[in-house]
Amino acid sequence: GQQLNQSPQSMFIQEGEDVSMNCTSSSIFNTWLWYKQDPGEGPVLLIALYKAGELTSNGRLTAQFGITRKDSFLNISASIPSDVGIYFCAGQLYYGGSQGNLIFGKGTKLSVKP
Amino acid sequence: NAGVTQTPKFQVLKTGQSMTLQCAQDMNHEYMSWYRQDPGMGLRLIHYSVGAGITDQGEVPNGYNVSRSTTEDFPLRLLSAAPSQTSVYFCASSEDLAETQYFGPGTRLLVL
């Protein structure tokens, strides 16, 4: 099946640091979504991107839809302790006029530096 | 609105037992789906429905059945549980396939 490559798999953050993560795919998507999942909870949508090249912010979060339609990145500026969790990218596959189901990356786990 | 609700929160089954995971949404969403989440695997689509009376298979449908008799409910049935079905199961809904999906809190299933 279709796959998204999300990196890094995990990272440690120190309060105040900026964080970057990205997703790449061999397939074209026409929608990219970024979710955050806290322990014991379901994923919650952070940012949705609908156009190639689109750059969208949500507070300290910024995400971009790659111009090739095959990648997206998420940046978190000035991280705080509550940013820890697992971040998922998801792409919606384009079937030449028909929308497909979401394909999820394997997640990036953010933890606090000891 | 309660959003997307799932029951039970936790379940332990023995191999071969059957059970139904419940999912309900009160947002009048047409599209509903079931995912399983395993460590290091992200979320994988099991089954989905684009409206009452319509269901289709996702990426990993084997061992699961679904039905959609109403817009609100989308139960997931395990016919004969296997240890490989130990996972966290999430239900999600959206207005239609192209819209943002909202996830329930999950059901944690352990099959012994």
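Each remark here, short or long, concerns the structure printed above.
Note that this is a predicted model, so its numbers are computed, not measured. (Residues numbered from 1 in each chain as written. Chains lettered and ligands numbered in written order. Predicted model: local features only at pLDDT ≥ 70, side-chain atom pairs only at ≥ 80, totals over all residues. Heavy atoms only, no water.)

**Q** Would you explain the interface of chain B and chain A in this entry?
**A** When the parts come together, some accessible area is lost, and that loss is often what is quoted as the size of the interface. Contacts between the two partners involve 18 residues from chain B, matched on the other side by 17 residues from chain A. Regarding the contact of chain B and chain A, the summed buried area is about 1,500 Å², with carbon and sulfur atoms giving 54% of it. On inspection of chain B and its partner chain A, the count reaches zero salt bridges. Taken together, the connections running from chain B to chain A amount to three residue pairs in polar contact (both at pLDDT 80 or more). Looking at the side of chain B that touches chain A, the elements with two or more residues in it are strand 4 (31–38) and strand 5 (42–51) of chain B. (Contact = heavy atoms within 4.5 Å. Buried area = accessible area lost by both parts, 1.4 Å probe. Salt bridge = Lys/Arg side-chain N within 4 Å of Asp/Glu carboxyl O. Polar contact = N/O pair within 3.5 Å; in protein donor to acceptor, adjacent residues only side chain to side chain. Helix = DSSP H or I, 4+ residues; strand = E, 2+ residues; numbered from the N terminus.)

**Q** Looking at this model, I keep getting lost on the pattern of salt bridges. Mind explaining?
**A** A side chain of one charge can pair with a side chain of the opposite charge if their charged atoms are brought near each other. Counted by the stated rule, this structure contains five salt bridges over all chains. Among the ionic pairs, A:Lys36 bridges to A:Asp38, the shortest N-O distance being 3.2 Å. Taking relative accessible area as the criterion, A:Lys36 reaches 13% and is therefore assigned buried. Linking B:Arg44 and B:Asp38 is a salt bridge whose minimum nitrogen-to-oxygen distance equals 2.8 Å. Of the two residues, B:Arg44 and B:Asp38, both sit in the buried class. Several salt bridges share partner residues, and in doing so they unite B:Arg36, B:Asp38 and B:Arg44 into one network. (Buried < 20%, exposed > 50% of the residue type's maximum accessible area, 1.4 Å probe, protein only.)

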